[in-house]
Amino acid sequence: MATQEEFESAVAKSKTLSERPSNDVLLKLYALYKQASEGDVNTERPGGFDFKNIAKWDAWKKQEGKSQEEAREEYVQYVNQLVG
């Protein structure tokens, strides 16, 4: 499993990618980050025409039930694939 230091290093790496990732990649990174740092979604789903935040909330919700350790590990591996 990834340590907190490895996770924080991956977070820093994710901000220095040479190309802007696609929206799908960004949503996956966001969802894994939120699951790793906060656990299961803990807010109400945004309503109305707030499409960006609805998409982010939905992506995080899909990670529900995954432990913070699993999410941290998956985040680190995913960032390493993107950087690699």
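None of these values were measured; they are calculated from a predicted model.

**Student:** Please give an account of the overall build of the chain that cites residues and values.
**Tutor:** A tally of helices and strands in the chain yields 4 helices and 0 strands. Starting at the N terminus, the α and β elements of the chain follow one another as α-α-α-α. Taking 12 Å as the expected radius of gyration for a compact globule of 84 residues, we find that the chain reaches 13 Å, a close match to that expectation. Taken along the three principal axes of its C-alpha coordinates, the chain extends 40 × 30 × 15 Å.

**Student:** Residues and numbers for the side chain of Ser14, please.
**Tutor:** Position of Ser14 relative to the elements: it lies in helix α1 (residues 4-14). Residue Ser14 is classed as buried on the basis of its relative accessible area of 18%. At 2.7 Å, the side chain of Ser14 forms a polar contact with the backbone oxygen of Val11. Apart from the residues within four sequence positions on either side, Ser14 is in contact with Tyr75 and Val79.

**Student:** Give me the lowdown on the nonpolar core, citing residues and values where you can.
**Tutor:** Formed by 13 residues in total, the largest nonpolar core has its most connected members in Phe7, Ala10, Leu29, Tyr75, Val76 and Val79. Elements supplying a minimum of two residues to this core: α1, α2 (23-38) and α4 (68-83). Take this core: its biggest share by element is 5 residues, from α4. Once residues lying within four places of it in the same chain are set aside, the contact partners of Val79 are Ala10, Lys13, Ser14 and Leu29.

**Student:** Describe the packing of α1 against α4, and please don't skip the residues or the numbers.
**Tutor:** Running from amino to carboxyl end, α1 crosses α4 at an angle of 40°, the nearest separation of the two axes being 9 Å. Relative to α4, the element α1 is oriented oblique. The crossing of α1 and α4 is left-handed. Along the contact surface, α1 presents Gln4, Glu6, Phe7, Ala10, Val11, Lys13 and Ser14, while α4 presents Arg72, Tyr75, Val76, Val79, Asn80 and Val83. The class makeup of the residues in the contact of α1 with α4 is 7 nonpolar, 3 polar and 3 charged.

**Student:** Explain the UniProt feature "domain: ACB" (unreviewed entry) in the chain to me, using residue names and the numbers behind them.
**Tutor:** Within this numbering scheme, the UniProt entry marks residues 3-84 as carrying the feature "domain: ACB" (unreviewed entry). For residues 3-84, helix accounts for 66% and strand for 0%, while the C-alpha atoms at its two ends are 20 Å apart.

**Student:** Any details on α1? Residues and values, ideally.
**Tutor:** Among all positions of α1, only Phe7, Ala10, Val11 and Ser14 are buried. Relative to the axis of α1, the buried residues are bounded by an arc of 105° and lie together on one face. Next to the buried residues of α1 lie α2 and α4.

Parameters at a glance
Residues numbered from 1 in each chain as written. Predicted model: local features only at pLDDT ≥ 70, side-chain atom pairs only at ≥ 80, totals over all residues. Heavy atoms only, no water. Helix = DSSP H or I, 4+ residues; strand = E, 2+ residues; numbered from the N terminus. Rg over C-alpha atoms; globule rule 2.2 N^0.38 Å. Buried < 20%, exposed > 50% of the residue type's maximum accessible area, 1.4 Å probe, protein only. Polar contact = N/O pair within 3.5 Å; in protein donor to acceptor, adjacent residues only side chain to side chain. Contact = heavy atoms within 4.5 Å. Core = buried A, V, L, I, M, F, W, Y, C linked by side-chain atoms within 4.5 Å. Axes fitted to C-alpha atoms, helices over the stretch in contact; angles between N-to-C directions. Parallel < 35°, antiparallel > 145°, perpendicular 65-115°, else oblique. Left-handed = near helix turned anticlockwise from the far one by under 90°. Nonpolar A, V, L, I, M, F, W, Y, C, P; charged D, E, K, R; others polar. UniProt positions renumbered as here; feature names shortened; annotations may be inferred. Arc of directions from axis to C-beta.

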